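# Geometric and topological summary
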Amino acid sequence: MPAPLRSLMVILWVSCVAGAAIVGFLSIGWVTWVAFVVAGLIGLAIGVPAGLWTAKAIKRDDPAWPPRRLQRQRR
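Residues numbered from 1 in each chain as written. Predicted model: local features only at pLDDT ≥ 70, side-chain atom pairs only at ≥ 80, totals over all residues. Heavy atoms only, no water.

Before going further, it helps to examine the overall build of the protein. Looking only at helices and strands, the protein features three helices and zero strands. For the protein, the α and β elements follow one another from N to C terminus as α-α-α. By residue count, 28% of the 75 residues in the protein fall in the buried class. Across the protein, contacts joining residues at least 24 apart in sequence account for 64% of those joining residues at least 6 apart. (Helix = DSSP H or I, 4+ residues; strand = E, 2+ residues; numbered from the N terminus. Buried < 20%, exposed > 50% of the residue type's maximum accessible area, 1.4 Å probe, protein only. Contact = heavy atoms within 4.5 Å.)

Now the structure itself:
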């Protein structure tokens with residue numbers, strides 16, 4: 001079964017970190033394809049662990065987790 005919360009958090013983190021990195025690179029005048037590749041790698045390196053941690057934190061701190069429809073299926 002796919003993990004939609006985990007996937008969503010990873011995608012959001014990677015996109016935000018890579019976007020911030022590319023804005024930073026472009027603002028200092030580094031306008032080459034290498035800047036985009038480096039920004040993507042920075043996004044992956046920081047975004048994947050952060051997204052996984054965020055998903056675990058949401059599940060850990062939410063007393064109603066897992067959703068009720070999943071609890072009914074497990075019985």
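By the element assignment, T54 lies in helix α2 (residues 33-61). Measuring from C-alpha to C-alpha, the distance between T54 and M9 comes to 6.8 Å, with 45 residues separating the pair along the chain. When near neighbours in sequence (up to four residues on either side) are disregarded, T54 contacts M9 and W13.

Right, let's talk about the pattern of salt bridges for a bit. On inspection of all chains with the given rule, the structure shows one salt bridge. Among the ionic pairs, R60 bridges to D61, the shortest N-O distance being 3.8 Å. Take R60 and D61: they sit in the same class, and that class is exposed. (Salt bridge = Lys/Arg side-chain N within 4 Å of Asp/Glu carboxyl O.)

Our focus in this paragraph is the confidence of the model for the protein. Per-residue confidence for the protein gives a mean pLDDT of 88, with 84% of residues at or over 70. Predicted confidence in the protein is weakest over helix α3 (residues 68-74), with a mean pLDDT of 58, and strongest over helix α1 (residues 4-27), with 96. (pLDDT = per-residue confidence, 0-100.)

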